[in-house]
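Summary of structural features
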Amino acid sequence: MAAGVAAWLPFARAAAIGWMPVASTPMPTPPQDKRKAQDGLIILNVSGTKFQTWRTTLERYPDTLLGSTERDFFFHEETNEYFFDRDPDIFRHILNFYRTGKLHYPRQECISAYDEELAFFGIIPEIIGDCCYEEYKDRRRENAERLQDDEEMDMNNDVTPVNLTFREYLWRAFENPHTSTLALVFYYVTGFFIAISVMANVVETVPCGTLPNRSKEISCGDRYALAFFCLDTACVMIFTVEYLLRLIAAPSRYKFMKSVMSVIDVVAIMPYYIGLVMTDNDQVSGAFVTLRVFRVFRIFKFSRHSAGLRILGYTLKSCASELGFLLFSLTMAIIIFATVMFYAEKGSSASKFTSIPAAFWYTIVTMTTLGYGDMVPKTIVGKVFGSICSLSGVLVIALPVPVIVSNFSRIYHQSQRAEKRRAQRKTRLARIRAAKIRGTNAYMRYKQNGLLIDSLEEEAGQALVGKAATPPFESQHHHLLHCLEKTTNHEFVDEQTFQANCMEISVMNKSGSRTSSLSSSPHGLSSCCSRRHRKKSSFSLPSTNNQELSTIQIRERPVANSRSSLNAKLDETVPLKCDEPYITPSMVSLSAPVVTSSDGDSSTTTAYSQSNIVRVSAL
Amino acid sequence: VNNGGEKCIDPLQRAAILQIDLHNQSHPEVEDGELATVCYRPEGLDSLVQKTSFSKKELQVLYRGFKNECPSGIVNEETFKSIYSQFFPQGDSSMYAHFLFEAFDTHNNGSVSFEDFVISLSIILRGSITDKLNWAFNLYDLNKDGCITREEMTDIMNSIYDMMGKYTYPCMRDSAPKEHVDNFFQKMDRNNDGVVTIDEFLETCQKDENIMQSMHMFDNVI
């Protein structure tokens, strides 16, 4: 609870007078204020800068240095003030926290210096206000990464630890070739063989001179068939051995087999084995030829050797939606123009535009401004529309490309920030909830303490009383809640106890018989209790669903806006796909976890885990 | 410059408020943030000491707390509800806060100034037992017609029970507030005419030991 409202507690307690006439049971006794609040000024001298505040302001937070008796260690007798040898600029913020209840993080301060001051004054950073919390977390994470990088560099320069198993050693050698010379040698050998294999694939199609008794030129592959076959076999051997070794060394074989690199490896070597298995049958030779095409995928094995390729691949993957949109709009334009050209050229004789799909080729070639000239319109209408086609092609192709390029970086950073925000939102909600629960738990403890103290009083007299170190504000607040309990003849309990009670009662009523007191309520205790519970939970179901829906929508909205702006430029008739159809599949699966557990955290985690799917599939 | 306890806004401020009002009439979508810049200052400390039974020091403490939460000098219902709800995190205290606000807002102008606040508190905490009971009756009597009907009491009771929230022991039945209202009327309504008048209320409360004792419980709050 914000300490600012601590000053309003007297009002809240006074307002409780409204419950007194309707209460049917006597009220608990209020806590005694042992000492009347002497509200004096305290002088805090922080390295020469003097701050002054009321004593009660500081005592709002009794579990910090300034609010507890710990500050007495810093009391300076000669000048009758509290002296701290710390940074006055940061202290200003800390003192403001006592005054307003909100802790702010100044952006110009160094994160580690700030953290040190907070730790010194006993303030946990989690209570930083929402306005500054994200900034604080960002800086903290950067700092932690920097420290971690330093550590990692140190670690890499270390001698390899001796007690790795052979499997772990092998995996480490594969993933990080610089660890040992053997790994490095293997790395270069595989790279060399990839290059050899790719070059062989290329060279074997080059025409290589004619045979003495044939007039037709044959390719090198057919002429030196045996040599190429041996080369191919050697390469495939190396690749197979490498793949098997990786498979053995992988810590999680299933995960390794699902990874992109392993799929590429498999695709690279499979054609050879399939070719071995298949006989030289005419029916399957066509398929066999197709398979040889897949050998070109060996070139992708280079991505293990080149970080740049990996980054490019990742960028393409993350901008797949943008590219997909470009493709989609291109397709629409192509279809439109192809149709128009077909009908325009239908009349002319010997027209190459035999069908709409045949006109696709013309449209694509014109829109990308290639203009091969193998298909040209002959009618005037056709030429008019052909020129419109090429002009719009310039617009369609040339304009989005820089936008896409800038979208790459923008969307990448935006998704990073959105994920950060989402993670923080989850934590923020959890923090709020934790604070609430802490409040109710404190109250439970207060009640237990109260009962304990009562029983102790009966036994041992007054000597033991007065040990409870709850601050006056807390005890008054708890007394207020206790009065409310007495007024309504119900007690506050926490969630788990409530669920347990309800379960007990429903079980009890199923087996037992109704008593006369229950006959007054029409539906009986069990159904009432569960009805109210179910009613409340059925209310919470759509609300949490809405919350999840809104979080997903909110996250999608900035991305959708960028695309709608793209849309508006291109073509007014292009309908942007709504987010809803893509959200419903995830919502259907979300509803299941929400019904079973009323725990807000679990539903938000499912949303979080589903969110990646939603993000990619939305357009 | 104040005379005879009138709530006097100084002429400059009145002009400012009028300006804002005119502005509001022409642009009804002006937000509350515009009004917040108008600062309402209470009367002098001495006149408040005379009007209430608080000492100077107590008024100072009260005002500091008041001004902290409401820098503009007046509380509107939203702020009132949000402050009150911080003390009852488990339940929904908005309805009871609304009734409280109605009781504190003696001039019925939708806002509670520091004077209203302090005068009401003075009655509750330092008034005679009859004054306190009158104030409580005023709180329950929603339409201020001098008698509490069953509907009014039901509303009040529902609002109090709402503050408990969902997680209670024993489970909160829907009929619990109604039963409580029935008990209340059984106890208070002497002539069984379906309403509780101020006299019946005072008479019954003064006879009840528990109520008398609990009325004095919060006397030392400040």
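This one's a predicted model, so the numbers in the text were calculated from it and none came from an experiment.

Here's the deal with the environment of serine 259 of chain A
- When you line up the elements, serine 259 of chain A lands in the loop between α10 (253-258) and α11 (260-277).
- Here the side chain of serine 259 of chain A touches phenylalanine 256 of chain A through a polar contact of 2.8 Å, landing on its backbone oxygen.

Description of helix α8 (residues 129-140) of chain B
- A rise of 1.5 Å per residue sets the reference length of α8 of chain B, with its twelve residues, at 16 Å; its end C-alpha atoms lie 17 Å apart and thus fit the reference within 8%.
- Regarding α8 of chain B, the residues found buried are Ile129, Lys132, Leu133, Trp135, Ala136, Phe137, Leu139 and Tyr140 of chain B.

Details of the UniProt feature "transmembrane region" (unreviewed entry) in chain A
All names here are of chain A.
- Per the UniProt entry, the sites bearing "transmembrane region" (unreviewed entry) are residues 224-244, 256-274, 323-344, 356-373 and 385-412 in this numbering.
- The distance separating the terminal C-alpha atoms of residues 256-274 is 23 Å; by composition the span is 95% helix and 0% strand.
- Between the C-alpha atoms that bound residues 356-373 there is a distance of 18 Å. The span itself is 67% helix and 0% strand.

Things to note about unusual backbone geometry
- The amide bond that connects tyrosine 169 of chain B to the next residue, proline 170 of chain B, takes the cis arrangement and shows omega of -5°.
- Along the chain, proline 170 of chain B falls in the loop between β4 (168-169) and α10 (176-188).
- We note that alanine 350 of chain A has phi near 50°; this positive angle belongs to a residue other than glycine.
- For alanine 350 of chain A, a relative accessible area of 72% gives the class exposed.

Things to note about the environment of glutamate 175 of chain A
- Relative to the helices and strands, glutamate 175 of chain A resides in helix α6 (residues 166-175).
- Expressed as a C-alpha distance, the spacing of glutamate 175 of chain A and arginine 304 of chain A, which sit 129 residues apart in the sequence, is 9.1 Å.

Thoughts on the confidence of the model for chain A
Residue and element names in this part refer to chain A.
- Looking at chain A as a whole, its pLDDT mean stands at 73, while 69% of the residues score no less than 70.
- Taken element by element, the predicted model of chain A shows its lowest mean pLDDT in helix α21 (residues 580-596) (35) and its highest in helix α15 (residues 356-367) (93).
- Confidence over residues 461-468 falls short of pLDDT 50; this stretch has six contacts with residues more than four positions distant or in other chains.
- Across residues 512-619, confidence stays below pLDDT 50; counting only partners more than four residues off in sequence or on other chains, it has 112 contacts.

Here we look at the side chain of glutamate 204 of chain A
Residue and element names in this part refer to chain A.
- Topologically, glutamate 204 is positioned in the loop between α7 (181-203) and β5 (207-210).
- The exposure class assigned to glutamate 204 is buried, which follows from its relative accessible area of 10%.
- Within polar-contact distance, the side chain of glutamate 204 engages the side chain of arginine 295 at 2.5 Å.
- In this view, glutamate 204 contacts Ser219, Cys220, Gly221, Phe228, Arg292 and Arg295; residues no more than four positions away in its chain are not counted.

Section: the pattern of salt bridges
- Going through the model one piece at a time under the given rule, you end up with 25 salt bridges over all chains.
- In this structure, the salt-bridge partner of arginine 431 of chain A is aspartate 130 of chain A, at a minimum N-O distance of 3.8 Å. Here arginine 431 of chain A is found in helix α17 (residues 400-460), whereas its partner aspartate 130 of chain A is found in helix α5 (residues 130-157), with 301 residues between them in sequence.
- What makes aspartate 130 of chain A partly exposed here is its relative accessible area of 46%.
- In this structure, the salt-bridge partner of aspartate 208 of chain B is lysine 187 of chain B, at a minimum N-O distance of 3.4 Å. Placement of the pair is aspartate 208 of chain B in the loop between α11 (198-207) and α12 (209-215) and lysine 187 of chain B in helix α10, with a sequence separation of 21 residues.
- A relative accessible area of 31% means that lysine 187 of chain B is categorised as partly exposed.
- Within this structure, Glu175, Glu242, Arg246, Asp265, Lys301 and Arg304 of chain A form a network of salt bridges that share partners.

Quick word on the UniProt feature "domain: EF-hand" (unreviewed entry) in chain B
- In this structure's numbering, the residues bearing the UniProt feature "domain: EF-hand" (unreviewed entry) are residues 92-127, 128-163 and 176-211 of chain B.
- Annotated as 72% helix and 8% strand, the span residues 176-211 of chain B places its first and last C-alpha atoms 21 Å apart.

Focus: the packing of aromatic side chains
- By the definition in use, this model includes 49 aromatic pairs over all chains.
- Plain terms: the ring middles of phenylalanine 114 of chain B and phenylalanine 117 of chain B are 6.4 Å apart, the flat faces sit at 35° to each other, and that makes the pair tilted. With phenylalanine 114 of chain B and phenylalanine 117 of chain B both in helix α7 (residues 114-126), this residue pair falls three residues apart, about one helical turn.
- Positioned above the aromatic ring of phenylalanine 239 of chain A, the side-chain terminus of lysine 301 of chain A is 4.7 Å from the ring centre.

Details of the interface of chain B and chain A
- Each side of the interface is counted separately: chain B has 60 residues, and chain A has 62 residues.
- Taking both partners together, chain B and chain A bury about 5,400 Å²; carbon and sulfur atoms supply 69% of that area.
- Looking at the side of chain B facing chain A, the largest losses of area belong to Phe87, Tyr167 and Phe218 of chain B, adding up to 14% of the total buried there.
- In this assembly, chain B and chain A are joined by zero salt bridges.
- Here chain B and chain A share ten residue pairs in polar contact (both at pLDDT 80 or more) between them.
- At six residues, the largest contribution of residues to the side of chain B that touches chain A is made by α10 of chain B.
- Class assignment for the residues of the side of chain B that touches chain A results in 42 nonpolar, ten polar and eight charged.
- Taken together, the two bridges between strand β7 (residues 491-492) of chain A and β4 of chain B define a ladder with antiparallel strand orientation. Looking at the pairing, phenylalanine 492 of chain A lines up with threonine 168 of chain B of β4 of chain B.

Regarding the sheet that holds strand β2 (residues 49-54) of chain A
Residue and element names in this part refer to chain A.
- Pairing is mixed in the open sheet, where four strands are placed in the order β2-β1-β4-β3. Of all the strands in the sheet, just β2 and β3 (75-76) have a single pairing partner and so form its edges.
- The pairing of strand β1 (residues 41-46) with strand β4 (residues 81-84) spans three bridges and is classified as parallel. Across the sheet, valine 46 pairs through a bridge with phenylalanine 84, a residue of β4.

Quick look at the nonpolar core
- If you look at the biggest cluster of nonpolar residues, it comprises 77 residues, and the most contacted ones within it are Trp19 of chain A together with Tyr84, Leu100, Phe117, Met153 and Phe201 of chain B.
- Apart from residues lying up to four places away in sequence, tyrosine 84 of chain B is in contact with Phe11, Ala12, Ala15 and Trp19 of chain A together with Ser93, Tyr96, Ala97, Leu100 and Met163 of chain B.
- Val46, Tyr61, Tyr82 and Ile128 of chain A belong to the second largest nonpolar core, which has 27 residues in total.

How each quantity is defined
Residues numbered from 1 in each chain as written. Chains lettered and ligands numbered in written order. Predicted model: local features only at pLDDT ≥ 70, side-chain atom pairs only at ≥ 80, totals over all residues. Heavy atoms only, no water. Helix = DSSP H or I, 4+ residues; strand = E, 2+ residues; numbered from the N terminus. Polar contact = N/O pair within 3.5 Å; in protein donor to acceptor, adjacent residues only side chain to side chain. Expected span 1.5 Å × (residues − 1). Buried < 20%, exposed > 50% of the residue type's maximum accessible area, 1.4 Å probe, protein only. UniProt positions renumbered as here; feature names shortened; annotations may be inferred. pLDDT = per-residue confidence, 0-100. Contact = heavy atoms within 4.5 Å. Salt bridge = Lys/Arg side-chain N within 4 Å of Asp/Glu carboxyl O. Phe/Tyr/Trp six-rings, centres within 6.5 Å; stacked < 30°, edge-to-face > 60°. Lys NZ or Arg CZ within 6 Å of the ring centre and 35° of its normal. Buried area = accessible area lost by both parts, 1.4 Å probe. Nonpolar A, V, L, I, M, F, W, Y, C, P; charged D, E, K, R; others polar. Pairing = 2+ DSSP bridges. Core = buried A, V, L, I, M, F, W, Y, C linked by side-chain atoms within 4.5 Å.

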